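# Commentary on secondary and tertiary structure
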Amino acid sequence: MEDLSGSLYDHPAIYDLVFGSDWRAERDFLVDCFALYATGKVKKLFEPACGTGRLLFRLARDGYQVSGLDLNPLAVEYCNERLVRHGYPASAFVADMTDFTLPKPVDAAFNTINSIRHLPSDKHARAHLEATARAVRTGGLYIVGLHLISRNYSGDDEERWSARRGNLAATSQLQTFGLDRAKRLERCRMEVNVYSPTQQKRIVEELRFRTYTRGQWERLLPGSGWEIAATHDFCYNARQPIEVDDDSEDVVYVLRRTDLPPSTE
């Protein structure tokens, strides 16, 4: 078996295989949320930390105008090549999700798979919320999915899943091996094994996530330009909102843009 160097994010085709299988449930959930919670029609979409654009190009096929950013140039290149291949503009760009501007406000933004937890501090998270608020019109939405740290969460957690696309298959394991509530740090080991008829490859890396309890996350929101319009779980049923409490873990916050936060310039 060949061990691949670098992060999973440096291998966009593999990343897209590993995280691309649940796109339909997420896409349908987003579209339902646009209709249920946004003020006015939603036509223009933006995804910070868009990665390979697994949702962007599919939403473009549905008639939306899409754009996105990511810090990894390899992921952005993959995303733009796919958009162009399907007949859409290359609208993804390389940028930091805490400091960006769009030419014109969009109607909604989304970030569904814990990407915000890569930001290392509350200061960075708050800067991201404010930058995204400046990118979305009043009455528009920001749909954020993240894993909260419940009061009983021990850090003893493991997920396994598999995916297949054509002759390429992957098995993935994500295992928490360190939780420091005081430093608000969760350390995970990610292993991905990729199989084709002629090759076997493996990526192993450590991921470091900022932790948020319900209270820590929700205290970031006042004055950021966002209010909570609804909360859901990862079942992605827009017509079944949930009540979030200190025992909640996998939560999707549907945020609605209110007042524009003050400029930090």
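Scroll up to find the structure.
The present account deals with the structure reproduced in this document.

Rules of the game
- Residues numbered from 1 in each chain as written.
- Predicted model: local features only at pLDDT ≥ 70, side-chain atom pairs only at ≥ 80, totals over all residues.
- Heavy atoms only, no water.
- Phe/Tyr/Trp six-rings, centres within 6.5 Å; stacked < 30°, edge-to-face > 60°.
- Helix = DSSP H or I, 4+ residues; strand = E, 2+ residues; numbered from the N terminus.
- Buried < 20%, exposed > 50% of the residue type's maximum accessible area, 1.4 Å probe, protein only.
- Pairing = 2+ DSSP bridges.
- Contact = heavy atoms within 4.5 Å.
- Axes fitted to C-alpha atoms, helices over the stretch in contact; angles between N-to-C directions.

Any aromatic ring pair is given by two values, namely how distant the centres are and how the planes are angled relative to each other. One pass over the full model with this rule turns up 11 aromatic pairs. With a centroid separation of 4.8 Å and 45 degrees between ring planes, the pair formed by tyrosine 15 and phenylalanine 19 is classed as tilted. A residue pair is termed a helical-turn pair when its members lie 3 or 4 positions apart in one helix, as tyrosine 15 and phenylalanine 19 do in helix 1 (residues 12-19) at four residues. Of the residues examined, phenylalanine 19 reaches a relative accessible area of 25% and is grouped as partly exposed. Ring geometry for phenylalanine 29 and tyrosine 236: centres 5.4 Å apart, planes at 55 degrees, overall tilted.

Turning to the sheet that holds strand 9 (residues 185-195), a few remarks are in order. Within a sheet, neighbouring strands are paired by backbone hydrogen bonds and run either parallel or antiparallel to one another. In spatial order, the strands read 1-10-9-8-7; together these five strands make up an open sheet with mixed pairing. The open sheet has two free edges, formed respectively by strand 1 (2-3) and strand 7 (158-165), since each of these has just one partner strand. When strand 7 meets strand 8 (residues 168-180), the two strands line up antiparallel, connected through eight bridges. Paired with glutamate 159 across the two strands is leucine 174, which belongs to strand 8. Contacting strand 7, strand 8, strand 9 and strand 10 (200-210), helix 1 runs over the sheet at an angle of about 110 degrees to strand 7.

With that out of the way, let us pick up the pairing of strand 8. Between strand 7 and strand 8, which pair antiparallel and follow one another directly, the connecting turn spans two residues, one of which, glycine 166, has a positive phi of 60 degrees. One ladder, built from 11 bridges, connects strand 8 with strand 9; its direction is antiparallel. Note that in strand 9 the partner of threonine 176 across the bridge is cysteine 188. Where strand 8 folds back on strand 9, the antiparallel hairpin that results is connected by four residues, among which arginine 184 adopts a positive phi of roughly 55 degrees.

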